[in-house]
Amino acid sequence: MRTESRRAGLLALALALAARTASAHHTEQEHLTDDTAWTIAGDKAWRIGLFKAAVGLGDRVTLGTYIWPWLGRTPNGYLKWRFYAGDTFNWAVQGGLFRLDTAAFDETTPDPPVFTVLSASLLSSLRISASHQLSNGLVFTAVRVSGTVDQDTLRGAGEAGLTNIQYVGAYELRLSRRTAFVLTGRYLIAQ
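Starting from 1, residues in each chain are numbered consecutively following that chain's sequence as written. Under the rules for a predicted model, residues below a pLDDT of 70 receive no local features and side-chain atom pairs below 80 are neither given nor counted, while totals for whole chains, interfaces and linings still include all residues. Side-chain descriptors were evaluated using all non-hydrogen atoms of the structure, hydrogens and water having been removed beforehand.

Caption draft 1: Highlighting the pattern of salt bridges. Here, a salt bridge means any Lys or Arg side-chain nitrogen found within 4 Å of an Asp or Glu carboxyl oxygen. One pass over the full model with this rule turns up four salt bridges. Between Arg 186 and Asp 35 there is a salt bridge, and its shortest N-O distance comes to 3.5 Å. Placement of the pair is Arg 186 in strand E9 (residues 180-190) and Asp 35 in the loop between helix H1 (2-18) and strand E1 (46-48), with a sequence separation of 151 residues. A relative accessible area of 51% places Arg 186 in the exposed class. Bridged by salt links that share partners, the residues Asp 34, Arg 47 and Lys 52 form one connected network. Working definition: helices are DSSP H or I runs of at least four residues, strands are E runs of at least two. Numbering for both runs from the N terminus. Note on classification: 1.4 Å probe, protein chains only; a residue is buried when its accessible area is under 20% of the maximum for its type, exposed when over 50%, partly exposed between these limits.

Shown next as structure tokens:
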């Protein structure tokens, strides 16, 4: 545990020293990347936010992770590939993986459950104008559990994880160079 803490501290120090001033300007090259077909613009461009850390690999690939699950010893990552980049339409596919081994929290359980969550998304984004952008996506999430799962082990925490298909819509209205209104909605198609 001590080595993990030291590594986390060194990583935090390295990130703090490498940090630059964030650019909050909306441009034709910079787009909202969450729930859209757009990827991080530029080779080796990166972002660190409250929930995600990601790096751009070229102009069409983003490799990232969700930050908070790592605190619960849940390795995770996602990869987005924008396979079509046009002036008006953009299309991308995204895949993700989460893995939670509950043995990290309770070593007394004889056959601890291991949750594996895989997701696959097909995303499209439409640039209506410089100020209006609309994105749509189909998200398939598969949840697999191995080990023994009972109410005592999870205390009811694992009851909500189900394989499902969702529709995701996102509308962005850029009000100024620094201000945008974003409306995102999800609809559960099947589970």
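Once the structure has been displayed, the description carries forward.
Caption draft 2: Examining the environment of Glu 28 more closely. Examined against the element boundaries, Glu 28 turns out to sit in the loop between H1 and E1. Looking at Glu 28, the relative accessible area reads 41%, which means it is partly exposed. Linking Glu 28 and Ser 131, residues 103 residues apart in sequence, is a C-alpha distance of 9.8 Å. Those residues within four positions of Glu 28 in sequence are excluded, and the remaining contacts are Arg 127 and Ala 130. Two residues qualify as a contact provided that any one of their heavy atoms is within 4.5 Å of a heavy atom in the partner residue.

Caption draft 3: Spotlight on the sheet that holds E9. Between any two strands, pairing holds if DSSP finds at least two bridges. Overall, antiparallel pairing links the nine strands, which are arranged E1-E2-E3-E4-E5-E6-E7-E8-E9 in an open sheet. Lying at the two open borders of the sheet, with one neighbouring strand each, are E1 and E9. This sheet shows a mean twist of 15 degrees between the axes of neighbouring strands, independent of strand direction. Judged from the 13 bridges that link them, strand E5 (residues 89-101) and strand E6 (residues 114-127) form a sheet pairing that is antiparallel. The residue of E6 that forms the bridge with Phe 98 is Val 117. To obtain an axis, a line is fitted to C-alpha atoms, over the contacting stretch when the element is a helix, and the angle between two such axes runs from 0 to 180 degrees between their N-to-C directions.

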